[in-house]
Amino acid sequence: MEQKIDFRSDTVTKPTAGMLDAMMNAKVGDDVYGEDETVHSLETKLASMFHMEAGLFCPSGTMTNQIAIKCFTQPLDEVICDQTAHVYRYEGGGIAYNSMASVRLLYGERGILTPELIEPEINEDNIHYPKTSLVVLENTVNKGGGKCYSLDQIEAVHNLCAIKGLKLHLDGARLFNALVATGDKAAPYGHFFDGISICLSKGLGAPVGSVLLGSTAMINQARRLRKVLGGGMRQAGFLAAAGIYALDHHVDRLAEDHQHAKALAHALAQANYVESVMPAETNIVLFDVVSRYKAEELVRALDKKGILCNTTSAKTIRLVTHLDVSSAMIDQTIEVIGKLEI
Ligand SMILES: *Cc1c(COP(=O)(O)O)cnc(C)c1O
């Protein structure tokens, strides 16, 4: 078997020749001294796209999320998020460690939070209760199978947060997938959120990096926190150049990944070993295996046929489409899905 087809995550992409070229030719300086013009270009490019005042380039989305949560809370505060949220499940317990805040978990439909879900969970001012200070949304929702928020849904949550005096942060690791899928503009996001975290290393295909967007005051504080966490990088323009290249060349093509995910979901829905498939809105396909099989058995069977994917629970499997999965590979995978016997 030649090269395996890798659906484990959209983080597995390798830089394209064009991206490597842009990286090699980047103008760099010491970014801790504020002297790297390529990092500065990336930060201002995204900030202006989202009508935010400022941006901060960080090594990972975990760092941008954790810094934002720290900026928007005080110790003993409480953060509201969905129980599937990356900030809660996959950031190593960082909210407790970095921000000394507690978390109130909600159960949204495919991870989507609404004012109706949030409002009853906002603590009233009482010394017994932690002070609710922040709501975190995720778009697209990773564990919701790449589900997108509509701008109306976001506006409704924003309005509640404004009335209640809460900050609103967006874990937008895959925000560009949501923008491409919905056709929504970037600018309203800057209006609705106090902080936005965007990953360049997911579907956009850059090797490293995330950008945090917010007000100038918030980003100034975030820059201090990035330094404390060891995330101040020197000639980081080589990496930022990959991010700029990704924004210029890899956004529109996300539509192709979404088509691919729909095609996979369609094929899986017909397979007799599949119980149910979540509708694929963006580049993530989540499906449950029928009860006589374990998800990990199916993952092993697919691996033998040259297809890599991960389980996300005992019965659930996730496939993620990306830049390094071609239409020919999708055809090949659909053929395997149709013929597979386990
Ligand atoms: C990948 C991801 C992040 C950030 O992950 P890093 O690996 O730290 O860059 C944050 N939120 C979501 C929803 C993600 O999928």
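Scroll up to find the structure.
Residues numbered from 1 in each chain as written. Predicted model: local features only at pLDDT ≥ 70, side-chain atom pairs only at ≥ 80, totals over all residues. Heavy atoms only, no water.

Caption draft 1: Fine view of the sheet that holds strand S4 (residues 102-106). Taken together, the 7 strands give an open sheet; going across it, the order is S2-S8-S7-S6-S5-S3-S4, and neighbouring strands pair in mixed fashion. Of all strands in the sheet, those with a lone pairing partner are strand S2 (54-58) and S4, marking the two edges. Strand-to-strand twist of the sheet, defined as the mean angle between neighbouring strand axes without regard to direction, takes the value 20°. The pairing of strand S6 (residues 167-172) with strand S7 (residues 195-199) spans 4 bridges and is parallel. Pairing of Leu-170 across the sheet is with Ile-196, part of S7. (Pairing = 2+ DSSP bridges. Helix = DSSP H or I, 4+ residues; strand = E, 2+ residues; numbered from the N terminus. Axes fitted to C-alpha atoms, helices over the stretch in contact; angles between N-to-C directions.)

Caption draft 2: Quick look at the nonpolar core. Membership of the largest hydrophobic core comes to 53 residues, with the highest contact counts inside it found for Phe-50, Phe-176, Tyr-189 and Ile-196. Of all the elements, helix H11 (residues 237-249) adds the most residues to this core, at 6 residues. Apart from residues lying up to four places away in sequence, Phe-50 is in contact with Leu-175, Phe-176, Leu-179, Ala-186, Ala-187, Tyr-189, Gly-190, Ile-196, Ile-198 and Leu-213. Judged by nonpolar contacts, the second largest core, of 28 residues, contains Val-285, Ala-295, Ile-307 and Leu-319. (Core = buried A, V, L, I, M, F, W, Y, C linked by side-chain atoms within 4.5 Å. Buried < 20%, exposed > 50% of the residue type's maximum accessible area, 1.4 Å probe, protein only. Contact = heavy atoms within 4.5 Å.)

Caption draft 3: Here's a closer look at the site of the ligand. The environment of the ligand is formed by 13 residues, the closest being Gly-61, Thr-62, Asp-171, Arg-174 and Lys-202. Between the ligand and the protein, one listed contact pairs an oxygen atom with a backbone N or O atom of Gly-61 at 2.8 Å. Within the side chain of Arg-174, an N or O atom sits 2.9 Å from an oxygen atom of the ligand. Protein contacts shield 84% of the accessible area of the ligand, which totals 380 Å² for the unbound molecule. At 3 residues, helix H3 (residues 61-72) tops the list of elements feeding residues into the shell around the ligand. Looking at the shell around the ligand, its residues break down into 2 nonpolar, 6 polar and 5 charged. (Near = heavy atom within 4 Å. Polar contact = N/O pair within 3.5 Å; in protein donor to acceptor, adjacent residues only side chain to side chain. Areas by Shrake-Rupley, 256 points an atom, 1.4 Å probe, with all protein chains shown as cover. Nonpolar A, V, L, I, M, F, W, Y, C, P; charged D, E, K, R; others polar.)

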